[in-house]
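What the coordinates show
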Amino acid sequence: MPKVQTTRRKLSHIQTTLHEQVQSHVPTGFEDVRLIHKALPEIDRQEVDLSTPIFGYKLNAPIVIESMTGGTPDAARINQRLAKVAQKLGIAMGVGSQRAAIEDASLAYTYRIAREAAPSIPLFANLGCPQLVHGDAVDCAKRAVDMIHASGLFIHLNALQESVQYEGETDFRNMLRRISELASALSVPVLVKETGAGVSKETAQALERAKVSGINVSGLGGTSWAGVEYYRARAKRYKLQMELGLTFWDWGTPTVPSIIEVTNSTRLKVFASGGVRNGLHVAKAIALGAHYGGFALPLLKSASSGEAVAVERLTTVIEELKNAMFLTGSRNLEQLRQAPLVITGSTYQWIIQRGFDPTVYASRSYSEEDLSPVRAS
Ligand SMILES: Cc1cc2nc3c(=O)[nH]c(=O)nc-3n(C[C@H](O)[C@H](O)[C@H](O)COP(=O)(O)O)c2cc1C
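So, here is what we can say about the structure in this document. (Residues numbered from 1 in each chain as written. Predicted model: local features only at pLDDT ≥ 70, side-chain atom pairs only at ≥ 80, totals over all residues. Heavy atoms only, no water.)

A closer look at the packing of helix H13 (residues 279–287) against helix H15 (residues 307–327)
Each pair of packed helices can be described by the angle between their axes along with the distance between the axes. Where H13 meets H15, the closest approach of the two axes is 7 Å, and the angle between their N-to-C directions is 50°. When the axes of H13 and H15 are compared, the pair comes out oblique. In this structure, H13 meets H15 at a crossing whose hand is right-handed. Where H13 approaches H15, its residues Gly279, Leu280, Val282 and Ala283 are matched on the opposing element by Val317, Glu320, Leu321 and Ala324. Its residues assigned to classes, the contact of H13 with H15 comprises 6 nonpolar, 1 polar and 1 charged. (Axes fitted to C-alpha atoms, helices over the stretch in contact; angles between N-to-C directions. Helix = DSSP H or I, 4+ residues; strand = E, 2+ residues; numbered from the N terminus. Parallel < 35°, antiparallel > 145°, perpendicular 65-115°, else oblique. Left-handed = near helix turned anticlockwise from the far one by under 90°. Contact = heavy atoms within 4.5 Å. Nonpolar A, V, L, I, M, F, W, Y, C, P; charged D, E, K, R; others polar.)

A closer look at the layout of surface pockets
If you add up the space inside the largest pocket, you get close to 340 Å³. What lines the largest pocket is a set of 19 residues, and nearest its centre among them are Leu157, Ala159, Glu194, Gly198 and Thr203. Secondary-structure elements contributing two or more residues to the lining of the largest pocket are helix H7 (159–164), helix H8 (175–185) and helix H9 (201–209). Each residue belonging to the lining of the largest pocket can be placed in one class, and the counts come to 12 nonpolar, 6 polar and 1 charged. The calculated volume of the second largest pocket comes to roughly 200 Å³. Taken together, 14 residues line the second largest pocket, and the ones lying closest to its centre are Gly329, Gln335, Tyr366, Ser367 and Asp370. Taken together, the residues that form the lining of the second largest pocket break down as 3 nonpolar, 7 polar and 4 charged. (1 Å grid on protein atoms, 1.4 Å probe; cavity = no way out; pocket = protein on both sides within 12 Å on 5 of 7 lines; lining within 4 Å. Points joined across faces, edges and corners; volume = space filled by probe spheres on them.)

Structural notes on the site of the ligand
Close to the ligand lie 23 residues; Ser67, Ser97, Ser218, Thr223 and Arg277 are nearest. The contact in question runs from an oxygen atom of the ligand to an N or O atom on the backbone of Gly275, over 2.9 Å. When the ligand sits alone it has 610 Å² of accessible area, and the protein chains cover 97% of it. Structurally, the ligand is housed in the largest cavity. Elements with a contribution of two residues or more to the shell around the ligand: helix H1 (3–19) and helix H14 (297–305). Of the residues forming the shell around the ligand, the biggest block, 3 residues, is contributed by H14. Residues that form the shell around the ligand fall into these classes: 6 nonpolar, 12 polar and 5 charged. (Near = heavy atom within 4 Å. Polar contact = N/O pair within 3.5 Å; in protein donor to acceptor, adjacent residues only side chain to side chain. Areas by Shrake-Rupley, 256 points an atom, 1.4 Å probe, with all protein chains shown as cover. Sits in = over half its atoms within 2 Å of the grid points.)

Okay, here's the thing in structure tokens:
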């Protein structure tokens, strides 16, 4: 793939996601999950602690700015802005696919700028399959990690996007073996992320056996990459790719079923993303067993209006999460992870048909000790 093409494609992805309607038509499943309100929370909202560990770092809140961009001067500005926001709030961030800088080292600054703006946050490198299937995967991954002094590497899986894209690269053979090699060769954690089509229990278990440190489910319900490619195909009048983009617009496992698949089948760190749009979504994801919540497109939009807008957006998310924790009487994220909840609708059907045990959630209740009138305060 010529490098100019990689850079142009990055630019057109930003433009398309900012200006076209690229949302999936299928909901995430968060609407099927209700945390049980605790009318007697028995805690002070002020004491709610959102901090959490992540690969040797401590986050002020379990929030990740998802992998998005790099490779062009505009992308550099966005990465710098997002990184400043992450540094200010004490949250994590991923840069977008570093392919452009692997192909052309003069573009490395468009990613490195994020580390310069955020020296002390967990910052994740990012590479896709085509870069790893062909050539020396370990060397390529080490360069990506070193480029930004990364705290970990996200390998993104985007078979859906590649399959509907005109210039798509669809040779995914031996990818699992490559991931496994990387997990043992790199000195930082290797994680895998989807890009809007979700992860199943079978894939998650295979990745756990490959010794990855975490999975970002990036499920269906948020940005549709088939949708993004539809618009790009339309601009170029690629009729077949337009049809493919439309037909597969809503392909994949929605985010909530995907969280359930991965948290019930592995012991890995789970990042919930794909249509995560507020702090209540993050709270529900954590109550379902995820560890962190990730936001992509909403933050690209906020950051394009300025750093202050993105800080305000994320501050709201953090307050929403805190509120959900207060209303479930959760002093910290460990307690939120045990909060009683009910799952209804198509997500409940999903649990049953995929053979998961619904009583895992149904057996939870608020502890009697917590609600005892004579409890020592
Ligand atoms: C403009 C844009 C560029 C993206 N580029 C990447 C990328 O390079 N690597 C990656 O792993 N994911 C990439 N993603 C996918 C996101 O990280 C995320 O998984 C997906 O958009 C779903 O989250 P959302 O619904 O909050 O947008 C990108 C998303 C957007 C909006």
